[in-house]
Amino acid sequence: MILADVPLVGMLKTRMGWLQSRQRVLAQNVAHADTPGFRARDLEPVDFKKILTQVPMQRTAMAVTNPEHIAGAASVETDRFGQPRASGKFEIRPSGNAVALEEEMMKVAQTQLDYQTATSLYSRSLGLIKTALGKTK
Amino acid sequence: MDFMKSLSIAASGLRTQAGRMRIIAENLANANSTAGASGGEPYRRKVPTFQAKFDRDLEAQVVTLGRVQRDKSSFISRYEPGHPAADGRGYVQYPNVNSLIETADLKEAQRSYEANLNVVSATRRMISRTLDLLRV
């Protein structure tokens, strides 16, 4: 579809796909709320830092015109954002099940809201394109 | 569509919890069932088990009710010499069903059922948002 070539629309489509998959993972967690030995899973959130380091960056070294100059590191500092700390607040029941139903419900609500935001933005962008085409309403 | 998969997974949870409730109801209903003949074994408590089963179509693990096990704990015996099911010493065996435990289990099953329903309604809202895009 040609619409997906519009960067914003394409990005929203990716986002909606991600949320759709996440909903599936969360549904699985909730369904297994009482299965012995089951651990809750989640999709890895999109890591901006990782994407940033994957992009080939133009790295320039500092010029050393005087022997007393310090040669700067040619690489950019990548450790500035710090690793997100894994939340270790899960509980394991005697049966080995580690699904916190409350937490899962929060995630389901969050996913639903995020999806709503994405679809709203999507229809807004479509409206924008319509306006650009000169169609009123 | 992935949403349909989410719905199917939640439906498997609903089905399993409903089956669990059925077994609990069976236990509760038989809490006082004694043996027909004298000295026989009364109703033995049933224990539902859960199983994770990988569904190839859904690309996810659905939950199913496994084999129904029997609780191997000992029966409760009461001294009732006049009871038709009493053994030679006058004791009657009563089922190993504790209604307090069954009620607590029932509550838990109910909560899990509601959680699955919640997933279904959240997913349905997401689907209707998707369909709304057609009306732009």
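Residues numbered from 1 in each chain as written. Chains lettered and ligands numbered in written order. Predicted model: local features only at pLDDT ≥ 70, side-chain atom pairs only at ≥ 80, totals over all residues. Heavy atoms only, no water.

K.L.:
Any details on the overall build of chain B? Residues and values, ideally.
P.N.:
A tally of helices and strands in chain B yields two helices and six strands. In chain B, the order of α-helices and β-strands from amino to carboxyl end is α-β-β-β-β-β-β-α. In terms of overall dimensions, chain B has C-alpha extents of about 80 × 25 × 20 Å along its principal axes. A total of 136 residues make up chain B; the buried ones form 38% of that total. Across chain B, contacts joining residues at least 24 apart in sequence account for 60% of those joining residues at least 6 apart. Entry remark: accessible area of chain B is about 7800 Å², with carbon and sulfur atoms responsible for 51%. With 20 positive and 14 negative side-chain charges, chain B shows a separation of 2 Å between the mean positions of the two kinds. (Helix = DSSP H or I, 4+ residues; strand = E, 2+ residues; numbered from the N terminus. Buried < 20%, exposed > 50% of the residue type's maximum accessible area, 1.4 Å probe, protein only. Contact = heavy atoms within 4.5 Å. Areas by Shrake-Rupley, 256 points an atom, 1.4 Å probe, with all protein chains shown as cover. Lys, Arg positive; Asp, Glu negative; His and termini not counted. Charge placed at Lys NZ, Arg CZ, Asp CG, Glu CD.)

K.L.:
Can you break down the UniProt feature "domain: Flagellar basal body rod protein N-terminal" (unreviewed entry) in chain B residue by residue, with the values?
P.N.:
Taken from the UniProt record, the annotation "domain: Flagellar basal body rod protein N-terminal" (unreviewed entry) applies to residues 8-37 of chain B. What you have in residues 8-37 of chain B is 73% helix and 0% strand, and the ends, taken at the C-alpha atoms, are 47 Å apart. (UniProt positions renumbered as here; feature names shortened; annotations may be inferred.)

K.L.:
Just give me the short version of the interface of chain B and chain A, but keep the residues and values in it.
P.N.:
Interfaces are often sized by the accessible area lost when the parts come together. Each partner contributes residues to the interface: chain B has 34 residues there, and chain A has 31 residues. For the pair chain B and chain A, the two sides together bury roughly 2600 Å², of which 61% comes from carbon and sulfur. Seen at the junction of chain B and chain A, the total is four salt bridges. Here Glu108(B) makes a salt bridge to Arg93(A), at a shortest N to O gap of 3.6 Å. The tally of links from chain B across to chain A stands at 13 residue pairs in polar contact (both at pLDDT 80 or more). Elements that contribute at least two residues to the side of chain B that touches chain A include exactly helix H1 (2-29), strand S2 (50-55), strand S3 (60-65) and helix H2 (99-132) of chain B. The biggest single contributor to the side of chain B that touches chain A is H2(B), with 13 residues. For the side of chain B that touches chain A, the class distribution of residues is 15 nonpolar, 11 polar and eight charged. (Buried area = accessible area lost by both parts, 1.4 Å probe. Salt bridge = Lys/Arg side-chain N within 4 Å of Asp/Glu carboxyl O. Polar contact = N/O pair within 3.5 Å; in protein donor to acceptor, adjacent residues only side chain to side chain. Nonpolar A, V, L, I, M, F, W, Y, C, P; charged D, E, K, R; others polar.)

K.L.:
Could you give an account of helix H3 (residues 101-133) of chain A, with specific residues and numbers?
P.N.:
The end-to-end C-alpha distance of H3(A) is 48 Å, a good match for the 48 Å that 33 residues give at a rise of 1.5 Å each. Directly after H3(A), the chain includes Gly134(A), whose backbone phi takes a positive value near 90°. (Expected span 1.5 Å × (residues − 1).)

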